[in-house]
Structures are given as C-alpha cells and as structure tokens.
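Below, each chain spelled out in residue letters.
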Amino acid sequence: MNYIQQAYKGDLGFWKYIIIPLIFFGMMVLNFVAIEFLGLDQEAVMKREIAAKGENLVLIEVLIPFVLFLGALLLWVKFIHRQTITSLTTSRKKIDWKRFWFSFLLWGGITVCFVLVGYFLEPEKMKWNFIPNKFLGLLLIGVIMIPIQTSFEEYLFRGYLLQGIGAKFKSRAVALISTSVIFGLLHIANPEVEKLGLIIMVYYIGTGLFLGIITLMDEGLELALGFHAANNLVTALLVTSDWTAFQTNSLFKDFSDPNTYTQILIPVLIVFPILLFIFYKKYGWQNWKEKLLGKVVKPSMVNFKENYSNLDEIGTD
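To keep things clear, this report deals only with the structure shown in the data block.

## Here we look at the pattern of salt bridges
Part 1: Scanning all chains against the criterion turns up 11 salt bridges.
Part 2: In this structure, Lys53 engages Glu61 in a salt bridge whose closest nitrogen and oxygen atoms are separated by 3.1 Å.
Part 3: On the accessibility criterion, Lys53 (35% relative accessible area) is partly exposed.
Part 4: Across the pair Arg92 and Glu222 runs a salt bridge, and its minimum N-O distance is 2.8 Å. Here the residue Arg92 occupies a position in the loop between α4 (85-89) and α5 (97-121), and Glu222 occupies one in helix α10 (residues 222-238), the gap between them amounting to 130 residues.

Given below as structure tokens:
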C-alpha cells in the first residue's frame, strides 16, 4: 500500500477530515481579519510584546497553540479515525528515523552555510547577538517546542489532509496541489507578507509543493518532517530580524531589508530542485508521473485480508 492508501487503514468518513482543519483554519482567518480590520502594525505589536515579556516568553506563547493542536490531531486520528500514527506517518512498517535525520542534517547544514556566507559577505548587515543566558533559554525552548510546531503542520498538511483529500478525490494531483495552496495561504497573515508583499506567497506555496512532492515520492512523511524541523529550528537559533514571524534571542540579528531574489526565487527555483535531486539519487525514486499525478486506488479486500485478521479495523469510504 502506498502512502495515501494508508488512509484506508482507518475509519474514513470525509466529514471527519473537516473538524480539526476547520478549527485551525478558522483561527488563522480570524487572526488575519483582525489584523486587516484593525489596521494593526504587526512589527510594532511584536516589539511591544517583546519589550514587555522578552523574546523567549513571546516565543513560548506563539508555539503553545501548535502543541495543543498536534495533540488534538493525533488523538483525533487515533480514536475517531481509528488509524495508527505510524500509518499517518509512513507507508513503511515503522517510521524511518534515518530518513528524518538525513533530511534534518542536510537542510540544517545548508541553512548554516547560507547564514555564515551572508554574514561574511555583508557583515555590516548582520550583528552578533549572542547573550548566553537568553540564548540557552531559546535553545531549550526551540529544541522542545519548534519541532512540535513543524510536526503539526506536516501531520496536518502532508499527512492528514494529503491522505484524506487523496482518498476522497482518488487523485494524487488534487491532494498535492490543494494542500500546497492551502498551506501557502495560511501564512498570509505572517509579518513577512506585510514586508515583502503577496509575492512571498510564491515561496510559501512553493515550499508546500516541495514538501508534498518529497512526501509522495518517498511514500512517507519522514523527509518532510526533518526538513521543516531543521528549517524553523536552525533559523530561529541562528538569525532573527524585526520583520519575521519568529523573533528570537538568536546568534545573529539581520538588519538588512528583505530581498525578493534571495528570499523567494533562489529557494524555489534553485535550492528546492537541487534537494529533490539529492533525495532522488539517495532513495532511488522512480515513476514520478504516477506518484505525483496518478489516481488513488482503494486497496482490494484481498489485500486487506492479507494484512488484517480483524476486519472491524477496516475503514469504509
């Protein structure tokens, strides 16, 4: 069984796939509407919050909802869909943590190189920001909570919704494109959008598309989980600026204005294709067209009987 077909191991019922996303999306929409309706200056609001509470406490407050939502999503899958977390994560018999760590270390290392190269090329635009006690607090918060935040987003979009939409519409392409667009649009309230404009949606949707592609090609979520965790954690630890969603006690502070070329075009058009090539070579991916655009076929009852002795565990469409 491939990755999307793992949804059939649980109790489907398409309405069940609406509840958790609807609550989460509703909160994001309300946040966006409040910002637009009240004409809030997000950068100014964030500065006031940080001045009053400090970066680390503000970061905790930002991350707590993701911790709660991840717990709610996994419990919902286990008890409402009656699907195992392993089958939500991968088509393999067990979660392949080697894949997670390869992706994490690969992207984390590349991110470190990008930051250091930027610092040495234009040191006047980046300031050494290391404050030992504050950075240690950030390190503790980041290592514990940021992977939870990124895991929620991956389990929701590249796991739960990719499987649910794919099983409902019997199409990998519909699942891939819809989850990528929704993932991108949910970042529309980020302060980066206010700073760079809607053009940055190309980056957010492109990132969603990249993560969806590696999930479908690899038949599992491990690579996407590793990439996303490295992206947010390493960035939060290394560099911050006044216009990003995460403002942290990082090692460097970036005072430069964001650049469309470096922030959007290079990652989407150059870096992501290179990463796809690396993963392709390492894991021997084949049948790209079928895996990305093919139909989702409901497994036969014969296949189910081979894998399950208790037919009560089989979900219905």
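From this point on, the discussion continues.
## Brief notes about helix α2 (residues 42-53)
Part 1: The end-to-end C-alpha separation of α2 is 16 Å, in line with the 16 Å expected for 12 residues at 1.5 Å each.
Part 2: When we look at burial in α2, the residues that qualify are Gln42, Met46 and Ile50. Looking straight down α2, one finds that the buried residues subtend no more than 65 degrees of arc, so they occupy a single side. Facing away from the buried surface of α2 by more than 90 degrees, the exposed residues are Arg48, Ala51 and Ala52.
Part 3: Looking at the buried positions of α2, the neighbouring elements they touch are α1 (16-38), α3 (55-79) and α8 (191-196).
Part 4: Remark: Gly54 follows α2 within two positions and exhibits a positive phi of approximately 95 degrees.

## So, the environment of Leu237
Part 1: Here Leu237 lies in helix α10.
Part 2: Along the sequence, Leu237 and Thr248 sit 11 residues apart, while their C-alpha atoms lie 7.4 Å from each other.
Part 3: Not counting chain neighbours up to four residues away, the residues in contact with Leu237 comprise Phe135, Leu138, Leu139, Ser250 and Leu251.

## Structural notes on unusual backbone geometry
Part 1: Not every positive phi belongs to a glycine, and Arg82 is a case in point at roughly 55 degrees.
Part 2: Position of Arg82 relative to the elements: it lies in the loop between α3 and α4.
Part 3: For Arg82, a relative accessible area of 46% corresponds to the partly exposed category.
Part 4: Residues other than glycine seldom take positive phi values, yet Lys170 does so here, at roughly 55 degrees.
Part 5: Tracing the sequence through the fold places Lys170 in the loop between α6 (132-169) and α7 (172-185).

## Concerning the environment of Glu55
Part 1: Secondary-structure assignment places Glu55 in helix α3.
Part 2: On the basis of relative accessible area, Glu55 is assigned to the partly exposed category, the value being 21%.
Part 3: For the pair Glu55 and Gln247, spaced 192 residues apart in sequence, the C-alpha separation works out to 6.6 Å.
Part 4: What Glu55 contacts, discounting residues up to four positions off in sequence, is Ile50, Gln247, Thr248 and Asn249.

## Details of a nonpolar patch on the surface
Part 1: Taken together, the side chains of Phe14, Trp15, Ile18, Ile19, Leu22, Ile23, Met27, Phe169 and Val174 define a hydrophobic patch exposed on the protein surface, amounting to about 830 Å² of accessible area.
Part 2: Here the element with the most residues in the nonpolar patch is α1; it accounts for five residues.
Part 3: Tracing the chain through its elements places Phe169 in helix α6.

## Observations concerning α7
Part 1: The first and last C-alpha atoms of α7 sit 20 Å apart over 14 residues, in line with the 20 Å expected at 1.5 Å per residue.
Part 2: Buried within α7 we find Arg172, Ala173, Ala175, Leu176, Thr179, Ser180, Phe183 and Gly184.
Part 3: The inward-facing, buried residues of α7 contact α6, α9 (201-218), α10 and α12 (288-293).

## So, the environment of Ile18
Part 1: By the element assignment, Ile18 lies in helix α1.
Part 2: Taking the C-alpha atoms as reference points, Ile18 and Leu161, separated by 143 residues in sequence, lie 9.1 Å from one another.

## Details of the packing of α7 against α9
Part 1: Contact pair α7 / α9: the axes reach a minimum separation of 8 Å and the direction vectors enclose 145 degrees. The interaxial crossing formed by α7 with α9 has right-handed handedness. Contacts from Arg172, Leu176, Ser180, Val181, Phe183, Gly184 and Leu185 in α7 reach Met201, Tyr204, Ile205, Thr207, Gly208, Leu209, Gly212, Ile213 and Leu216 in α9.
Part 2: Looking at the contact of α7 with α9 residue by residue, the classes come out as 10 nonpolar, five polar and one charged.

## Some points on the sheet that holds strand β2 (residues 239-240)
Part 1: Across the sheet, which stays open at both edges, the three strands sit in the order β1-β3-β2 with mixed pairing between neighbours. Taken across any chain shown, the strands that pair with only one partner, and hence form the sheet edges, are β1 (126-128) and β2.
Part 2: Note: β2 against strand β3 (residues 252-254), two bridges, orientation parallel. Its bridge partner lying in β3, Val239 is registered against Phe252.

## Considerations on the side chain of Thr150
Part 1: Tracing the chain through its elements places Thr150 in helix α6.
Part 2: Residue classification places Thr150 among the buried residues on the basis of a relative accessible area of 1%.
Part 3: In terms of polar contacts, Thr150 uses its side chain to reach the backbone carbonyl oxygen of Pro147, at 3.1 Å.

Reading the values: the criteria
Residues numbered from 1 in each chain as written. Predicted model: local features only at pLDDT ≥ 70, side-chain atom pairs only at ≥ 80, totals over all residues. Heavy atoms only, no water. Salt bridge = Lys/Arg side-chain N within 4 Å of Asp/Glu carboxyl O. Buried < 20%, exposed > 50% of the residue type's maximum accessible area, 1.4 Å probe, protein only. Helix = DSSP H or I, 4+ residues; strand = E, 2+ residues; numbered from the N terminus. Expected span 1.5 Å × (residues − 1). Arc of directions from axis to C-beta. Contact = heavy atoms within 4.5 Å. Patch = residues over 30% accessible without salt bridge, like charges linked within 9 Å, V, L, I, M, F, W, Y side chains within 5 Å. Areas by Shrake-Rupley, 256 points an atom, 1.4 Å probe, with all protein chains shown as cover. Axes fitted to C-alpha atoms, helices over the stretch in contact; angles between N-to-C directions. Left-handed = near helix turned anticlockwise from the far one by under 90°. Nonpolar A, V, L, I, M, F, W, Y, C, P; charged D, E, K, R; others polar. Pairing = 2+ DSSP bridges. Polar contact = N/O pair within 3.5 Å; in protein donor to acceptor, adjacent residues only side chain to side chain.

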